[in-house]
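A look at the structure
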Amino acid sequence: ATDTAERILVVEGVGKRFGGLVALSDVSLSVGRGSITGVIGPNGSGKSTLFNIIAGTLRPDRGRVFLNGHDTTRASPAQICRNGVGRTFQISRLFGEMTVLENLVAVAHGASDAEAVERALGLLDFLEITGLRDKWGTELSYGQRKLVEIARALMLRPTVMLLDEPFAGINPRLQNRIVDHLEALRQRGLTLFFIDHEMRIVLEICDTIHVLAQGRVIAEGDAAAIRSDPKVQDAYF
Ligand code: ADP
Ligand code: MG
């Protein structure tokens, strides 16, 4: 029942509890191939939990996740990664005691070192951060980490990228640069699925937005639909 030509990712009836706390309740949504799709919602509404379930680092209590029409609900994070899902984290996971270039090359298992270095340098160039290549992870500013995290996720040539709050806590100039990079990546055929609080950006760049509140999808649609939805106004604005 999954239209895999159009929908790269489908989440069907997913529920997740942590003890007595219901983090997600019957969440269904899908992500169009080649789209920029956003998830917004107040703190604690289940956004990161949803990404962890898609990426295979958490198992849902119920429901299923399909990637390219294949059921990946029980697949490991490594399998899901090999199937083309890249991700960045809300809190940076770069290695502080490695340089930026080493951080990128370290994730490129399977490629030769020369290939990995070439690919890493190409990505640093694309993201306009070549100047950071020899900096230690610990030397990077918060905003620089966000860009390096994106570069690192791209090392594995994902077809869909999950970005957890890529715009949070960085200045508007860097936000705009990241917007430009995401749009360029989409031009190259990548599907982008991101969580953020930056309403300005979400409304500007997303084709489709899903709004979570208390673990449920309360609204979805394009920017115009989301802006005018009274349920969203209540929960979010
Ligand atoms: P969001 O990313 O929207 O802020 P989360 O998905 O991180 O929300 O969390 C949703 C709810 O689940 C929150 O109430 C949070 O405290 C809880 N939660 C998330 N992860 C865990 C966990 N590993 N153990 C217990 N509770 C968790
Ligand atoms: Mg979160």
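Conventions adopted
Residues numbered from 1 in each chain as written. Chains lettered and ligands numbered in written order. Predicted model: local features only at pLDDT ≥ 70, side-chain atom pairs only at ≥ 80, totals over all residues. Pairing = 2+ DSSP bridges. Helix = DSSP H or I, 4+ residues; strand = E, 2+ residues; numbered from the N terminus. Contact = placed C-beta atoms within 7 Å. Axes fitted to C-alpha atoms, helices over the stretch in contact; angles between N-to-C directions. UniProt positions renumbered as here; feature names shortened; annotations may be inferred. Buried ≥ 20, exposed ≤ 12 C-beta atoms within 10 Å, placed from the backbone. Core = buried A, V, L, I, M, F, W, Y, C linked by C-beta atoms within 7 Å. Near = placed C-beta within 6 Å. Nonpolar A, V, L, I, M, F, W, Y, C, P; charged D, E, K, R; others polar.

All right, on to the sheet that holds strand 1 (residues 7–18) then. Pairing is antiparallel across the open sheet formed by 4 strands, whose spatial order is 2-1-4-5. Looking along the sheet, the strands with just one partner apiece sit at the ends: strand 2 (21–32) and strand 5 (70–71). Sheet analysis places strand 1 next to strand 2, joined by 8 bridges and oriented antiparallel. Within the sheet, the bridge partner assigned to Val11 lies in strand 2 and is Leu29. Sheet strands touched by helix 1 (residues 47–55): strand 1, strand 2 and strand 4 (62–67). Its angle to strand 1, the strand with the most contacts, is close to 120°.

What follows deals with the UniProt feature "domain: ABC transporter" (unreviewed entry) in the chain. On the UniProt side, "domain: ABC transporter" (unreviewed entry) is annotated at positions that read residues 9–235 here. Along residues 9–235 one finds 37% helix and 27% strand; the C-alpha atoms at either end are 26 Å apart.

A positive phi angle, near 60°, is found at Glu128, a position not held by glycine. In this structure, Glu128 sits in the loop between helix 4 (113–126) and helix 5 (142–154). Glu128 gets classed as exposed once you count the C-beta atoms within 10 Å, which come to 12. In this structure, Arg157 takes a positive phi of about 50° despite not being glycine.

What follows covers the nonpolar core. If you look at the biggest cluster of nonpolar residues, it comprises 59 residues, and the most contacted ones within it are Leu9, Ile54, Leu104, Ala151, Leu162, Phe193 and Val211. At 6 residues, the largest contribution of residues to this core is made by helix 5. With near-sequence residues (within four places) excluded, Leu104 lies in contact with Ala120, Leu123, Ala151, Arg152 and Met155.

With that out of the way, let us pick up the site of ligand 1. Taken together, Phe18, Leu21, Ala23, Gly41, Asn43, Gly44, Ser45, Gly46, Lys47, Ser48 and Thr49 make up all the residues around ligand 1. Listed by contribution, the elements that provide at least two residues to the shell around ligand 1 are strand 2 and helix 1. When residues in the shell around ligand 1 are grouped by element, the largest group, 3 residues, is from helix 1. The class makeup of the residues in the shell around ligand 1 is 3 nonpolar, 7 polar and 1 charged.

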